[in-house]
Amino acid sequence: MSDLVERLRGRGWRMTSQRRVVAEVLDGDHVHLTADEVHALAMRRLPEISRATVYNALGELVSLGEVVEVSTDGRAKRYDPNARHPHQHLVCSRCGLIRDVHPTGSPLAGLPEGERFGFTVSQVEVTYRGLCPSCAAEQTART
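Presented here is a report on the structure given in the accompanying data block.

Brief notes about the overall build of the chain
The helix and strand inventory of the chain stands at 5 helices and 6 strands. The secondary structure elements of the chain, listed N-terminal to C-terminal, are α-α-β-α-α-β-β-β-β-β-α. When the backbone C-alpha atoms are referred to their principal axes, the chain occupies close to 50 × 45 × 25 Å. Every one of the 143 residues in the chain was classed for burial, and the buried ones make up 33%. Total accessible area on the chain is roughly 8,900 Å²; 50% of this is exposed by carbon and sulfur atoms. On the chain, the mean spot of the 18 positive side-chain charges and the mean spot of the 18 negative ones are 4 Å from each other.

Notes on the sheet that holds strand β6 (residues 127-130)
Taken in spatial order, the 3 strands of this open sheet run β5-β4-β6, and their pairing is mixed. Of all the strands in the sheet, just β5 (98-101) and β6 have a single pairing partner and so form its edges. Pairwise comparison of adjacent strand axes, ignoring direction, gives a mean angle of 25° for this sheet. Two elements, strand β4 (residues 88-92) and β5, share 4 bridges in a ladder whose sense is antiparallel. Paired with Leu 90 across the bridge in β5 is Arg 99.

What counts, and at which threshold
Numbers given for residues are sequential positions, taken from 1 along each chain in its written order. Selection of residues for local features in this predicted model requires a pLDDT of at least 70, selection of side-chain atom pairs for listing and counting requires 80 or more, and totals for whole chains, interfaces and linings are taken over all residues. With hydrogens and water stripped out, all remaining heavy atoms of the structure feed into the side-chain values. Secondary structure elements are defined from DSSP: runs of H or I of at least 4 residues count as helices, runs of E of at least 2 residues count as strands, and each element is numbered from the N terminus. Buried means the residue's accessible area, taken with a 1.4 Å probe over protein chains only, is under 20% of the maximum for its type, while exposed means over 50%, and partly exposed covers the values in between. Each accessible area is a Shrake-Rupley result for a 1.4 Å probe, and residues are judged covered by the shown protein chains and nothing else. When charges are counted, Lys and Arg are positive and Asp and Glu negative, with His and the chain ends excluded. Charge positions come from single atoms, namely NZ of Lys, CZ of Arg, CG of Asp or CD of Glu. In this analysis, strands are considered paired if DSSP registers two or more bridges between them. In this analysis, axes come from line fits to C-alpha atoms, helices being fitted only over the stretch in contact, and the angle between any two N-to-C directions falls in the range 0 to 180 degrees.

Have a look at this one:
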């Protein structure tokens, strides 16, 4: 059983077959699927699942704090089930591949006290951008 399914059961989330399939599709490391990708993968397991059901389930999972919505550069929103462990993202600026990264140290270390303007910082989001190995190799081959 997936970690996400277990967490949802522990919270008492009503586990319909549709919700279970959505949770199972989202389970895993470095999962950052769009709603359409979740729908396509869910349909392989449960052909009758509707797009609206997937969107509703994703909205509920985000509201519960069990899944994080990730937006990058005007691309489709992606859904990250790694909501329990603080992390940043490494994003390929060409193909949009996203990987979770866990840098050591405090993410606030790079923000000097004088640059906080009196804010009490409660959350930090850092996105590293570059080219994934495939896109870098393709770019090198073209030059």
